[in-house]
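Residues per chain are reported as follows:
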Amino acid sequence: MNGHFGSSNGVATSGTGTGTGTGPGDAYANQNGASTSTEVATNGYPQPPSLYQVHNEDIITHLYQSGFMAGHYADTLLHVRATAYRLHALILSRSPYLAHLMSTTPPQNSQHIIYVNLDHEPEITDEGFHHALGYLYSAHALANIRPENARSVLAAACLLGRMDDLCNYAYELCRQSITLDTIPSWLEFVDSIPTPSDGSSTPVVEQNARTAVFGPYAQRLRDDVFNFLIVTLPNLVNFGGQATPTTPLPEGASQHSDAGRETLVQVFSRVPFDLFKAAVESPSFQLGSTHARFKFAKDAIELRKQGIARGQGAEETVVLAFGQSTSGSTGVLVTRKLRRRQLWKVNGP
């Protein structure tokens, strides 16, 4: 099988899909299997698919199964990391990136031999690249995209270029995959995204930034993580909510402790500073009174000193912003300043 990838080599098995109900895979639910022709209802009467539709679907299925999966009649050998694919120049030319590689690499014995260098693209896994390549042949590849590999597929699709539909599909799966269980991984991801400049300073351009391949999707995912932190997560953990009447109180306790608050503090103790500051100072982050917001930030900073802020040579603090306008202000400011280096006095002889 082409690419030597996995036991099923990217072929969607029976019952495999991209989700039902609210998942983005619904629009592609009929893309799995050898033939996807379905009857269309017109004025309440089912109508058989047109000959053109059946013929086109058969061609697409043949291209994917025989061309991509089996590599029959290939004229291009594509090497990526330790994997070799037997593919077809006409199909690969749909990607501007691959078209450039083929046009700048002289063919050998009437065959294109190209090498895709992913040494500086850690976000693109072998699996993600495999599915993005498959999408050049057919939307059948969508059946293999899941929340676990969607970010890698998105990165690969952005690299190959001119794959907006696949990018949007993978991005939506990424957005939906941001949960309390996956937030540590997403925080690590957004920490590698350069902070956008506000115009007051010269932005630092990292040519080999881990997330540069994502283009505008990097900032969109950063915004999604931020929104999850300040809107979705507090509701998810029932921050500030009362325990149910059936929940027993600990012996000697007069009221329930706010477990949701403790969860929030734990999560925010690992949030990159720029997001942490923006969240605490955002009116959209419903933390109650100004004093409650101040106390929340202070508790989180204490935990941060033992983790994410440890050994950075900077000190994070939270202060009450007295005298500031109440419009758009929460009355709390988070700051970070470099610790002063200890000066040693050298006595003369």
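Everything in this summary refers to the structure shown in the same document. What you are looking at is a predicted structure, and each value in this text was computed from that prediction instead of being measured.

Basis of the calculations
- Residues numbered from 1 in each chain as written.
- Predicted model: local features only at pLDDT ≥ 70, side-chain atom pairs only at ≥ 80, totals over all residues.
- Heavy atoms only, no water.
- Helix = DSSP H or I, 4+ residues; strand = E, 2+ residues; numbered from the N terminus.
- Buried < 20%, exposed > 50% of the residue type's maximum accessible area, 1.4 Å probe, protein only.
- Contact = heavy atoms within 4.5 Å.
- Areas by Shrake-Rupley, 256 points an atom, 1.4 Å probe, with all protein chains shown as cover.
- Pairing = 2+ DSSP bridges.
- Axes fitted to C-alpha atoms, helices over the stretch in contact; angles between N-to-C directions.
- Polar contact = N/O pair within 3.5 Å; in protein donor to acceptor, adjacent residues only side chain to side chain.
- Core = buried A, V, L, I, M, F, W, Y, C linked by side-chain atoms within 4.5 Å.
- Phe/Tyr/Trp six-rings, centres within 6.5 Å; stacked < 30°, edge-to-face > 60°.
- Parallel < 35°, antiparallel > 145°, perpendicular 65-115°, else oblique.
- Left-handed = near helix turned anticlockwise from the far one by under 90°.
- Nonpolar A, V, L, I, M, F, W, Y, C, P; charged D, E, K, R; others polar.

1. Considerations on the overall build of the protein
When its secondary structure is counted, the protein shows 11 helices and seven strands. In the protein, buried positions account for 40% of the 349 residues. Contacts spanning at least 24 positions in sequence make up 64% of the contacts within the protein whose residues lie at least 6 apart. For the protein, the exposed surface amounts to about 20,200 Å²; the carbon and sulfur share of it is 52%.

2. Here's the deal with the side chain of Ser192
Looking at the secondary structure, you find Ser192 in the loop between α7 (183-191) and α8 (216-236). Beyond its immediate stretch of four places on either side in the chain, Ser192 contacts Arg210 and Thr211.

3. Some points on the sheet that holds strand β5 (residues 112-116)
With mixed pairing, the three strands of this open sheet are ordered in space as β4-β3-β5. In this open sheet, the two strands that pair with only one neighbour each are β4 (83-87) and β5. Geometrically, the sheet is characterised by an average inter-axis angle of 20° between neighbouring strands, direction not taken into account. Inspection of the sheet shows strand β3 (residues 76-80) paired to β5 by five bridges, in the parallel sense. Residue pairing for β5: Leu78 is matched across the bridge by Ile114. In the packing of helix α4 (residues 126-137) onto the sheet, the strands contacted are β3, β4 and β5, and the crossing angle to β4 comes to about 5°.

4. So, the side chain of Glu281
Considering the arrangement of structural elements, one finds Glu281 in the loop between α10 (273-280) and α11 (290-304). Here Lys277 takes part through its side chain, which lies 2.7 Å from a polar atom of the side chain of Glu281. A polar contact is formed between the side chain of Glu281 and the backbone nitrogen of Val334, at a distance of 2.8 Å. Aside from chain neighbours lying at most four places away, what touches Glu281 is Thr330, Val332, Leu333 and Val334.

5. Topic: the pairing of β4
Burial along β4 is one-sided: the residues Thr83, Tyr85 and Leu87 are buried and none of Ala84 and Arg86 is. With five bridges connecting them, β3 and β4 associate as antiparallel partners. Residue pairing for β4: Thr76 is matched across the bridge by Leu87. Counting the residues in the hairpin turn of β3 and β4 gives two residues, including Arg81, whose phi is positive at 50°.

6. A short note on the nonpolar core
Formed by 81 residues in total, the largest nonpolar core has its most connected members in Leu78, Leu98, Phe129, Leu133, Leu229 and Phe268. Among the elements that line this core, the one with the most residues is α8, at nine residues. Those residues in contact with Phe129 that sit more than four places away from it in its chain are Leu78, Val80, Val116, Leu118, Ile124, Ala156 and Leu160.

7. Focus: the packing of aromatic side chains
Summed over all chains, the structure comprises 10 aromatic pairs. Each ring, one from Trp186 and one from Phe189, has its centre 5.5 Å from the other, and the planes form 85°; the classification is edge-to-face. Taken together, the positions of Trp186 and Phe189, both in helix α7 and three residues apart, correspond to about one turn of that helix. Each member of the pair, Trp186 together with Phe189, is buried. Ring centres 5.8 Å apart and planes at 90° place the aromatic pair Phe285 and Phe296 in the edge-to-face group. Of this pair, Phe285 sits in the loop between α10 and α11 while Phe296 sits in helix α11, placing them 11 residues apart in sequence. Classification of Phe285 by relative accessible area gives buried; the value is 0%.

8. Topic: the packing of helix α9 (residues 259-268) against α11
Helix-helix packing: each pair is described by the crossing angle between the helix axes and the interaxial distance. Contact geometry for α9 and α11: axes closest at 8 Å, N-to-C directions at 50°. For the element pair α9 / α11, the angle class is oblique. Crossing hand, α9 versus α11: right-handed. Seen from α9, the contacting residues are Arg261, Leu264, Val265, Gln266 and Phe268; seen from α11, they are Lys295, Phe296, Asp299, Ala300, Leu303 and Arg304. Grouping the amino acids of the contact of α9 with α11 by side-chain chemistry returns six nonpolar, one polar and four charged.

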